[in-house]
Each structure stands twice: as structure tokens, then as C-alpha cells.
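Topology and contacts: notes
Next come the chains, spelled out residue by residue.
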Amino acid sequence: MKTQESGHQNKFTAKIIVTTHKVYRMPRDPIYLPLQVGAAVAKNKSGSELDLGYLKDNIGDNISSRNPHFCELTGLYWAWKHIHTDYVGLVHYRRYFRGSGAKKSGIRGDIFDHVLTYDELEPMLGRYKVFVPRKRYYFIETLYSHYDHTHYIEHLDKTREIIKEKYPGYLDSFNKVMKQRSGHMWNMMIMEHDMLDRYCTWLFDILFTLEKKVDYKDYNFYQGRYTGRVGELILNVWLMQQVKDGVLKEDEIKVLPYLYVERVNWALKIKQFLVAKFFHKKYDAQ
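1. Structural notes on the nonpolar core
Where a protein is soluble and globular, its nonpolar side chains tend to be buried together. L76, Y199, W202 and F204 are the most contacted members of the largest nonpolar core, which has 85 residues in total. Of all the elements, helix α8 (residues 193–213) adds the most residues to this core, at 10 residues. Dropping the residues within four chain positions of it, L76 is found in contact with I17, L90, M189, L196, Y199, C200, L203 and F204.

Shown next, in the form of C-alpha cells:
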């Protein structure tokens, strides 16, 4: 769906949803579409449906009511079903892809000035089919062992069983990814629309099956978000398999730096990480 614009021919169209559950500052660039996720279950103080003034993920074909478990993936599902631009992406209200200007000058002034813009993205569209954030590294943990120490490992074990049954060709990629010490996280991506369709068809088939196999009634709110977490891990599995199958070339995947627009309490994160690893205390908040 390329458009003709003044001075440019065959520009690719793109839309990136910004998933949020609260009112928050949003980027000015029109490529971004704020989306209230979990709108079907969010209530205000009076018990009525919460309205943040953004587009909601409970319109049309949606899985909004599953947001307590799927997190931002209810937004991805909505975008998959309702956005028809050449490229579709997902970021978070406080985590974005970082624009090229930030590389030259560092993070100075208004941090939102360093969020990726359409003008920065557009020259890469057509050349790359998938954009993902720079990998997050655990160093002393594999993705599997980190999940085991911080969450409930049955989620990944059951996911492996589902993949073995439904997508056996992906099993080797799953095993390899689980042994890695890094991965593209947070369910952040920008994908060519046809590629997104392939990915979401595979992803939600697995996660909807997983949902039926896990008894989560005694989980706290934080641990209840398990399908969203599994989703961010198996994005890496899917990418690896697309390259193996020749659907994607490695040079068609672009890794971009990411940007937090809030201060990160790294001391707390490191403490939680070490306590989980050495004292086997599951995360209860983040």
C-alpha cells in the first residue's frame, strides 16, 4: 500500500501503536497511534469503563479482555486485525525505538525528541522487513534459566510441548533460543504487513493453546501476565525459524536501539535479578 506524496514516489505507509493503560505523554509524530489496551476490563473509580481519550483495543475483532495475561499483545492483536498500512509496529508508552539523532548527540534536552520518527524510518522501509529492539543481555543466565528463577517454568515447558505438537519444524529453534543469554524483548517490533500476518497467526495460535493449559487462578497480578512474557521470548524463535526457512534473510532484519522515557531504577532491577537467581525468589512486581 504505497502512497504518492509531494516530492516522493512510492513512499511506504506505516503505523506504530503505542500501547498504554493510562494517560501519558505521546510522541507528536503522526506515525504513532496511542492505543488503550485492556479497555474491556479497565474500570474507573466509579466502576464504569475507563476512558483515557485514546483509541481502544476492544473495538471490532479483539482480545481486550485477555489483557491481564497478554499485556501489550492485546494491542498487537488489535493492530493485526485493524491496521492495513505497509508496515505495522508496536511500542510502549514509556519505551520506544530510538531515533538516529540521539546517536549523534546523546540524550539531551527533551527525551521525546529522540524517539524514532517516520522521516528516520522511511528510508529503511522496503529494504528491511522486520525491525526489532537491540537485544537484552542476561550474561549469567540463559533465557530459560532466567524465566525459571523469576516466573514459573511450566509456561515455557508447556510452550515447548505445543510447538512440538503444532509446529515441530520450530522445535530446534525453540531449544536454541532457550539456551541463549540474550533476546529481543518487550514484544516491540515493526513488521511488513504480510510478515506480521505470518507472525501473529503463529503466535496467537500458540498462546491461545497455552492459555488453556495453565492454571493461573492463584497467580498474583504480576505473575498473571505470563502469556505476554512467553510471547516476547518466542518472537526470537519465530525470527530464527524464518531465517532458517528462507522466508527472511538476516539482512532484512534491522536491529534498532531502544529508548526509555522514564528513569530506570537499575539498582532495584539488578537486586531483583540476583535475588531471583541465587535465592529463588519469584518476581512479584517490576
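2. Structural notes on the pattern of salt bridges
Applying the stated criterion across every chain yields a total of 11 salt bridges. Linking R25 and D110 is a salt bridge whose minimum nitrogen-to-oxygen distance equals 2.6 Å. Separated by 85 residues along the polypeptide, R25 in the loop between β3 (14–20) and β4 (32–36) and D110 in the loop between α3 (100–105) and α4 (118–121) bring together distant segments of the chain. Across the pair E211 and R66 runs a salt bridge whose closest N-O atoms are separated by 2.9 Å. Of this pair, E211 sits in helix α8 while R66 sits in the loop between β5 (55–56) and α1 (67–70), placing them 145 residues apart in sequence. Under the relative-accessibility criterion, E211 is labelled buried at 14%. Among the charged side chains, a salt-bridge network with shared partners connects E49, D51 and K56.

3. Here's the deal with the side chain of T209
Its place among the elements puts T209 in helix α8. What makes T209 buried here is its relative accessible area of 16%. For T209, the side chain forms a polar contact with the side chain of K166, separated by 3.2 Å. Ignoring anything within four residues of it in the chain, the contact list for T209 reads I162 and K166.

Rules used in this analysis
- Residues numbered from 1 in each chain as written.
- Predicted model: local features only at pLDDT ≥ 70, side-chain atom pairs only at ≥ 80, totals over all residues.
- Heavy atoms only, no water.
- Core = buried A, V, L, I, M, F, W, Y, C linked by side-chain atoms within 4.5 Å.
- Buried < 20%, exposed > 50% of the residue type's maximum accessible area, 1.4 Å probe, protein only.
- Helix = DSSP H or I, 4+ residues; strand = E, 2+ residues; numbered from the N terminus.
- Contact = heavy atoms within 4.5 Å.
- Salt bridge = Lys/Arg side-chain N within 4 Å of Asp/Glu carboxyl O.
- Polar contact = N/O pair within 3.5 Å; in protein donor to acceptor, adjacent residues only side chain to side chain.

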